[in-house]
Amino acid sequence: MEKYNPWEIEIKWQKKWEENKLYEAKYDKEKKKFYVLEMFPYTSAQIHMGHVRNYTIGDVIARYKVMNGYNILHPIGYDAFGLPAENAAIKQNVHPKDWTYTNINTIRKQLKRLGISYCWEREVITCDPEYYRWNQFFFIQFFKKGMVYKKKAPANWCPSCQTVLANEQVIDGKCWRCGEIVENRNLEQWFIKITDYAERLLDFSGIKNWPERVIIMQKNWIGKSEGCEISFYIPEIKETLKVFTTRADTLFGVTYLVLSPYHPFIEKIIKISPDREKIEEFINRVKKASLTVQDILKIEKEGVYTGIYGVHPITEEKIPIWIGNYVLMEYGTGAVMAVPAHDQRDFEFSRKYNLPIKIVIKNPEWKEIPEKLEKSYEEPGIMVNSGIFNGLDSEKGKEEIRIYLEKINKGKKAIYYKLKDWCISRQRYWGTPIPIIYCKKCGIVPEKEENLPVELPYEVKITGKGQSPLKYISEFLKCKCPVCGEEAERETDTMDTFVDSSWYFLRYASGDIKNKPFDKNEVNYWMPVDQYIGGIEHAILHLLYSRFFVKALKDMGYLNFEEPFENLLCQGMVIKDGAKMSKSKGNVVDPEDIIKKYGVDTLRLFILFAAPPEVDLEWSEKGIEGCWRFLNRIWRLHKEIKNYSIDVGKNDIELKIMINRTIKGVTEDIEKEFQFNTAIAKMMEFINFLNKEVAEKKVSKIVLLNSWKKFIKLLYPFVPHICEEIWEDLDEKNFLFNEKWPSWETIEEIKEKINIGVQINGKIRGNIEISPDFDVEDIFKIVCNNEKFKKFIEGKKIIKKIYVPDRLINIVVEN
Ligand SMILES: [Zn+2]
Ligand SMILES: [Zn+2]
């Protein structure tokens, strides 16, 4: 008996699938579609186990859905711009483009070896000018609509990456990519107005099934708060300071005001302040430090008194104005009213600088108002020391004070978001050039659309230091103004690579991409993505940006849907010895090594069987070996089934019940949030059963083959290569990809065995029991083997066999 040889089988079928363009997506408006997508790989490294897991999950879904009658789109591409290419260029002295395309070729080969059902015809490479041309095109559309703008603002600067980062890319005060502590620099940057979409991004009603934690993370990031904007007049500089608060009920407890070091009033304040030098020293010191939200929460709160005061809008008391390192210009109004009695942060600050603490909300549990507080009281309560508002419930007080302020024109209802505009400028080479031209006469003008793409020049010197390398390439820098034709200069910043990944799924969904970013009709057919699969680390960055992009493109008339991804699955990590696989920990298992040892099907089966998709998967060599043995058993069993020759079996019904139960179980497990591990367990159970039945020869060949074919279909999405080989060996002509997913019958339906009459030359000689899927030849065999009828037939020439379905068989013999 020939042995299971996965390497030969896998290469053979991968070749056939590719030759037959089996997975090529076909736009067909008449068919119900299913778009399954895995987050595309970044081109910095080879495929690792995390990728294998992500793509295998997607592959099972794609194969399963196509067998269930869906028209499938399952594309792949490469996220190819970004810093790693430049860092490699510096380290290895290779051009970023060459390095990237070498990696793409390796990754493509690896993906093909994994046997994933990708539509290779729609491959997307984001560093291809034909792709990034449309980043530039969209940028210009945004520019025309006033949705991108340039401003000088404090920016997150990574000293290691030598570039600016978006707020979303600063995690715990550190660079999302390299982990370096982020600094703050005041720079001219390009921004996309994602804040215009804050409210719509908070609306998740267009999404079907996303992990709750991703939704919560996005909501927290957008950070909506509803409150009141309150005015404090500053007589000495003749300005009105606006502060935002969600606790207008504590207005009578304000004992000082705090400005961000970046507040526009500071310049004026410094001019008249008696402590000018002290203030300047403080501000310079603060501005050097980082200013991310996470940092602000952790840093030691410091401040400096300005010597100036604001006027309380209701009591008209003089409220001292401070400057504090913990107030962000980017959030709210860049100024806060401090209520130390009812805000712990203000409480700590006031203790440090000996500022008054005034209780205005009484804890209902207090018998009387305490002389001193040990910490702030932040809960609701009864208003005290608040003039005409005394005795009010604080929740009601919020409203009442706001209404009063509105009446005297010193406040209004306001909504603030934590979300800030998306900074997309990067001072690096390997990205999409921002298609903007600076003309002395015309100012800032976009490149003409017919001149796109603004191509990245190939000849470049990358040092990784300071300014964009594009600044030093005069052929790139010098250009003609698209408006007046005079000498002008190009913008040298490139775009954040997250722009590239914000719409790549639309490019995939388009067969025809000649001279357009995507085909509107086809995109409206395939989109939204029915099932998106990727890591939780993209919860805010990529997933938020993509949602924004789709909404913005919809508003510009390019799309007719609001959300890009209907269902989202965040797969767990692959861990070994309790830690995520990483080079630094030395616990990496290379998929190529496993494939060399066991083949792809074994690797796939292990990854799918070891844990449910969303749970972390612990690597286990033992588990791999178990899967290898299982596939070998399938192989041997198949050979036994091929040689099996029992016509009538006692346990046919049991086998039928078992296969139907397995079909039902596997189908339900897949439908129920892709519980592949339990689905595989059910198939293993079936194999245990079948092995025994075959060994003991208790089932008939017809029922056995029938069940076996159904089983191979069930197993196919998980381990497609071995199944395809077995299928062919069963004399089947179709690819399994084009076969229908089996349906199941209930026990009652199975048990309805049919009892038919047996006539020999028109005369009833008795009855037999048959299975409904037997044909006339099957029934004839059973009749011949039955002692009761043998004597009428044996040795005689058979003239005719007539089967009246569900009724009788008539055998005409020569007398
Ligand atoms: Zn960095
Ligand atoms: Zn001009």
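Residues numbered from 1 in each chain as written. Chains lettered and ligands numbered in written order. Predicted model: local features only at pLDDT ≥ 70, side-chain atom pairs only at ≥ 80, totals over all residues. Heavy atoms only, no water.

Colleague: Can you help me understand the overall build of the chain in this one?
Modeller: Looking only at helices and strands, the chain features 27 helices and 34 strands. Taking 815 residues into account, the globule formula puts the C-alpha radius of gyration at 28 Å, and the chain, at 36 Å, lies well above it. When the backbone C-alpha atoms are referred to their principal axes, the chain occupies close to 130 × 75 × 50 Å. Looking at the chain residue by residue over its 815 residues, the buried ones come to 56%. (Helix = DSSP H or I, 4+ residues; strand = E, 2+ residues; numbered from the N terminus. Rg over C-alpha atoms; globule rule 2.2 N^0.38 Å. Buried < 20%, exposed > 50% of the residue type's maximum accessible area, 1.4 Å probe, protein only.)

Colleague: I would appreciate a short explanation of the side chain of Gln 169 in the present structure.
Modeller: Structurally, Gln 169 can be placed in the loop between strand S6 (163-165) and strand S7 (170-171). Overall, Gln 169 belongs to the buried group, its relative accessible area being 1%. Among the polar contacts listed, one links the side chain of Gln 169 to the side chain of Asp 496, at a separation of 3.1 Å. Ignoring sequence-local partners within four residues, the contact set of Gln 169 consists of Lys 174, Cys 175, Trp 176, Arg 426, Asp 496, Phe 498 and Leu 541. (Polar contact = N/O pair within 3.5 Å; in protein donor to acceptor, adjacent residues only side chain to side chain. Contact = heavy atoms within 4.5 Å.)

Colleague: Where do I start with the sheet that holds strand S29 (residues 579-580) in this structure?
Modeller: By way of backbone hydrogen bonds, the strands of a sheet pair with one another, either parallel or antiparallel. In space, the three strands of this open sheet follow the order S29-S28-S30, with mixed pairing throughout. Two strands bound the open sheet, and with one partner strand each, they are S29 and strand S30 (617-618). Taken together, the two bridges between strand S28 (residues 574-576) and S29 define a ladder with antiparallel strand orientation. For Lys 576, the partnering residue across the bridge sits in S29 and is Ala 579. (Pairing = 2+ DSSP bridges.)

Colleague: How should the sheet that holds strand S1 (residues 33-38) be read in this particular structure?
Modeller: Sheet architecture is open: four strands sit in the order S2-S1-S26-S27, paired in parallel fashion. Because the sheet does not close on itself, it has two edges, and the strands there are strand S2 (71-73) and strand S27 (568-570). Averaged over all pairs of adjacent strands, the angle between their axes in this sheet comes to 15 degrees, without regard to strand direction. Pairing geometry for strand S26 (residues 531-534) and S27, over three bridges, is parallel. What sits directly across from Tyr 532, in S27, is Leu 568. Sitting on the sheet, helix H2 (residues 49-67) is in contact with S1, S2, S26 and S27, with an inclination near 170 degrees to S1. (Axes fitted to C-alpha atoms, helices over the stretch in contact; angles between N-to-C directions.)

Colleague: Looking at this structure, how should I read the nonpolar core?
Modeller: Residues Trp 422 and Trp 708 are the most contacted members of the largest nonpolar core, which totals 196 residues. It is H2 that contributes the most residues to this core, ten residues altogether. When sequence neighbours within four positions are dropped, the list of residues in contact with Trp 708 reads Ile 634, Leu 637, His 638, Ile 641, Ile 687, Leu 690, Ile 726 and Leu 730. Membership of the second largest hydrophobic core comes to 43 residues, among which are Cys 228, Phe 232, Val 286 and Met 383. (Core = buried A, V, L, I, M, F, W, Y, C linked by side-chain atoms within 4.5 Å.)

Colleague: Can you help me understand the packing of helix H19 (residues 600-609) against helix H20 (residues 621-642) in this one?
Modeller: The packing of two helices is summarised by the inter-axis angle and the distance between the axes. Axis separation between H19 and H20 bottoms out at 9 Å; the angle between their running directions is 120 degrees. The orientation of H19 relative to H20 falls into the category oblique. H19 and H20 meet at a crossing whose hand is right-handed. Across the interface between the two elements, Asp 601, Thr 602, Leu 603, Leu 605, Phe 606 and Phe 609 of H19 pack against Gly 623, Ile 624, Cys 627, Trp 628, Phe 630 and Leu 631 of H20. Here the residues of the contact of H19 with H20 sort into nine nonpolar, two polar and one charged. (Parallel < 35°, antiparallel > 145°, perpendicular 65-115°, else oblique. Left-handed = near helix turned anticlockwise from the far one by under 90°. Nonpolar A, V, L, I, M, F, W, Y, C, P; charged D, E, K, R; others polar.)

Colleague: Is there a simple way to think about the coordination of the zinc ion (ligand 2) in this case?
Modeller: Reference values for angles at a metal are 109.5 degrees in the four-donor tetrahedral case and 90 or 180 degrees in the six-donor octahedral case. Protein coordination at the zinc ion (ligand 2) comes from Cys 439 (SG), Cys 442 (SG), Cys 481 (SG) and Cys 484 (SG), with a distance range of 2.2 to 2.3 Å. Its four donor atoms give the zinc ion (ligand 2) angles of 106 to 112 degrees at the centre, a pattern that matches the tetrahedral case. Between the donor residues of the zinc ion (ligand 2), the gaps in sequence give the motif C-x2-C-x38-C-x2-C. With Cys 442 in the loop between strand S21 (436-439) and strand S22 (443-446) and Cys 484 in the loop between strand S23 (478-480) and strand S24 (487-490), this pair connects stretches of sequence that are 42 residues apart. Of the residues examined, Cys 442 reaches a relative accessible area of 28% and is grouped as partly exposed. (Donors = N, O, S within 2.8 Å, 3.2 Å for Na, K, Ca; no water. Tetrahedral: all angles 85-135°; square planar, octahedral: opposite > 155°, others 65-115°.)

Colleague: For this particular structure, what's the right way to read empty space enclosed by the protein?
Modeller: This structure, assessed with the given rule, holds four cavities of 30 Å³ or more. Considered as a void within the structure, the largest cavity measures approximately 50 Å³ in volume. Ile 646, Asp 647, Lys 701, Ile 702, Phe 774, Asp 778, Lys 781 and Ile 782 together form the lining of the largest cavity. Of all the elements in the fold, those that place two or more residues in the lining of the largest cavity are helix H23 (701-715) and helix H26 (776-785). A per-element tally of the lining of the largest cavity places H26 first, with three residues. A per-class count over the lining of the largest cavity returns four nonpolar, no polar and four charged. (1 Å grid on protein atoms, 1.4 Å probe; cavity = no way out; pocket = protein on both sides within 12 Å on 5 of 7 lines; lining within 4 Å. Points joined across faces, edges and corners; volume = space filled by probe spheres on them.)

Colleague: How do you make sense of the packing of helix H1 (residues 6-19) against helix H24 (residues 720-729) when you look at a structure like this?
Modeller: At a minimum axis separation of 9 Å, H1 and H24 run at an interaxial angle of 85 degrees. When the axes of H1 and H24 are compared, the pair comes out roughly perpendicular. Note on element contacts: H24 touches H1 through Pro 720, His 721, Ile 722, Glu 724, Glu 725 and Glu 728, opposite Ile 9, Glu 10, Lys 12, Trp 13, Gln 14, Lys 16 and Trp 17. Grouping the constituent residues of the contact of H1 with H24 by class yields five nonpolar, two polar and six charged.

Colleague: It is not clear to me how the pattern of salt bridges should be interpreted in this structure. Could you clarify?
Modeller: Once the charged atoms of two side chains with opposite charge are near each other, the side chains can pair. If you walk through the whole model with that rule in mind, you get 51 salt bridges. Two residues, Glu 400 and Lys 396, come together in a salt bridge whose shortest N-O distance is 3.3 Å. One end of the pair, Glu 400, and the other, Lys 396, are both in helix H12 (residues 394-407), four residues apart, so they sit about a helical turn from each other. For the salt bridge of Lys 597 with Glu 621, the shortest nitrogen-to-oxygen distance reads 3.5 Å. Taken together, the residues Lys 597 in helix H18 (residues 591-598) and Glu 621 in helix H20 connect sequence positions 24 residues apart. (Salt bridge = Lys/Arg side-chain N within 4 Å of Asp/Glu carboxyl O.)

Colleague: Sorry if this is basic, but what is going on with the packing of aromatic side chains here?
Modeller: Two measures describe an aromatic ring pair: the distance that separates the ring centres and the angle between the ring planes. This structure, assessed with the given rule, holds 57 aromatic pairs. Measuring from centroid to centroid gives 5.8 Å for Phe 676 and Phe 718, while their planes differ by 85 degrees, and the two rings are edge-to-face. Here Phe 676, found in helix H22 (residues 676-695), pairs with Phe 718, found in the loop between H23 and H24; they are 42 residues apart in sequence, far enough to count as distant. Exposure remark for Phe 718: the relative accessible area of 0% places this residue in the buried category. Over the ring of Trp 13 we find Lys 16; its NZ or CZ atom is 5.0 Å from the centre of that ring. (Phe/Tyr/Trp six-rings, centres within 6.5 Å; stacked < 30°, edge-to-face > 60°. Lys NZ or Arg CZ within 6 Å of the ring centre and 35° of its normal.)

Colleague: What should I look at first to understand the coordination of the zinc ion (ligand 1) in this one?
Modeller: At this site the zinc ion (ligand 1) is bound by Cys 158 (SG), Cys 161 (SG), Cys 175 (SG) and Cys 178 (SG), with donor distances of 2.2 to 2.3 Å. Relative to the metal, the four donor atoms surrounding the zinc ion (ligand 1) lie at angles of 101 to 116 degrees, and the coordination shape comes out tetrahedral.

Colleague: Looking at this structure, how should I read helix H3 (residues 83-92)?
Modeller: A turn of α-helix holds 3.6 residues, and therefore any two residues three or four places apart point the same way. For H3, every residue scored as buried is listed here: Leu 83, Pro 84, Ala 85, Glu 86, Ala 88 and Ala 89. On the buried face of H3, the contacting elements are helix H4 (96-113) and S6. Looking one or two residues past H3, Asn 93 carries a phi angle of roughly 55 degrees, positive in sign.

Colleague: Just to check I follow, could you spell out a positive patch on the surface for this structure?
Modeller: On the surface, a cluster of positive charge is made up of Lys 763, Arg 765, Lys 791 and Lys 796. Residue placement: Arg 765 occurs in strand S32 (residues 763-770). Residue Arg 765 is classed as partly exposed on the basis of its relative accessible area of 32%. (Patch = residues over 30% accessible without salt bridge, like charges linked within 9 Å, V, L, I, M, F, W, Y side chains within 5 Å. Areas by Shrake-Rupley, 256 points an atom, 1.4 Å probe, with all protein chains shown as cover. Lys, Arg positive; Asp, Glu negative; His and termini not counted. Charge placed at Lys NZ, Arg CZ, Asp CG, Glu CD.)

Colleague: Just checking my understanding: could you explain the environment of Cys 158 for this structure?
Modeller: Residue position: Cys 158 is located in strand S5 (residues 148-158). Cys 158 sits 489 residues away from Asp 647 along the chain, and the two C-alpha atoms are 75 Å apart. When neighbours within four sequence positions are excluded, Cys 158 is seen to be in contact with Thr 163, Leu 165, Cys 175, Cys 178 and Glu 180.

Colleague: Before we go on, may I ask you to explain the side chain of His 95 in this structure?
Modeller: Here His 95 is to be found in the loop between H3 and H4. A distance of 3.4 Å separates the side chain of His 95 from the side chain of Tyr 429, its partner in a polar contact. From its side chain, His 95 meets the backbone oxygen of Tyr 458 in a polar contact 2.6 Å long.

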